[in-house]
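Residue-level structural notes
Given next are the chains, with one letter for each unit.
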Amino acid sequence: DAQAEIWAIEQAIYAGRADGDLSKYLASASPHYMGWPPGAKVPADLSRLREMADSVAGQNEEELELEFAEFTRSGDTAIVFYHTHRTRLPTGEPVNQRFAIIHVYAREQGSWRLVGALGRLKPEAEYR
């Protein structure tokens, strides 16, 4: 079903990140992608995501866990909500960061494609 398919895409994206490779992220993104990463002042389009992928290539020390929260779907649009807990940055520096993430998918030409993303660093008071 859509939820399992999209959650598998998300897991592949983060597995690639752990290897310093954002190609799975780029491959899943729609040409209409727009995302707002944590800490960014404004949303970024697919060209900015490509630049980011180039800048982190080979940085393979990130340690991060995913925790599914919710999923909803209406027709050819689906939204997955989840949390991440990062304990090591891609450069190897230890951290204790938790994020709330929303990814929006659209069914385009028979495949689920990522069209929107929003992530925020959770305040420590929200850590579970």
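The coordinates are above.
Thresholds, definitions, all that
Residues numbered from 1 in each chain as written. Predicted model: local features only at pLDDT ≥ 70, side-chain atom pairs only at ≥ 80, totals over all residues. Heavy atoms only, no water. Phe/Tyr/Trp six-rings, centres within 6.5 Å; stacked < 30°, edge-to-face > 60°. Helix = DSSP H or I, 4+ residues; strand = E, 2+ residues; numbered from the N terminus. Buried < 20%, exposed > 50% of the residue type's maximum accessible area, 1.4 Å probe, protein only. Salt bridge = Lys/Arg side-chain N within 4 Å of Asp/Glu carboxyl O. Arc of directions from axis to C-beta. Contact = heavy atoms within 4.5 Å.

**A look at the packing of aromatic side chains**
The geometry of an aromatic ring pair is captured by two quantities: the separation of the ring centres and the angle between the planes. For the structure on display, the rule yields four aromatic pairs. Ring geometry for Trp 7 and Tyr 82: centres 5.4 Å apart, planes at 75°, overall edge-to-face. Of this pair, Trp 7 sits in helix H1 (residues 2-18) while Tyr 82 sits in strand E4 (residues 77-88), and the two are 75 residues apart along the sequence. With respect to burial, Trp 7 and Tyr 82 carry one shared label: buried. Judged by centre distance (5.9 Å) and plane angle (90°), the ring pair of Tyr 14 and Tyr 82 falls under edge-to-face. With Tyr 14 in helix H1 and Tyr 82 in strand E4, this pair connects stretches of sequence that are 68 residues apart.

**Considering the pattern of salt bridges**
Applying the stated rule across the entire model yields five salt bridges. For Arg 107, the salt bridge is made with Glu 5, and the minimal N-O distance between the two is 3.6 Å. Residue Arg 107 is located in strand E5 (residues 94-108), and its partner Glu 5 is located in helix H1; the two are separated by 102 residues in the primary sequence. In this structure Arg 107 comes out as partly exposed when scored by relative accessible area, which is 30%.

**Quick word on helix H3 (residues 46-56)**
Along H3, the residues classified as buried are Leu 46, Leu 49 and Ala 53. Axial view of H3: buried residues confined to an arc of 50°, hence all on one face. Packing partners of the buried residues in H3 comprise helix H2 (23-28), strand E1 (29-36) and strand E2 (44-45). Gly 58 sits one or two positions beyond H3 and adopts a positive phi of about 85°.

**Examining unusual backbone geometry**
For Gln 109, which is not glycine, the phi torsion reads 50° and is therefore positive. Note that Gln 109 resides in the loop between E5 and strand E6 (111-121).

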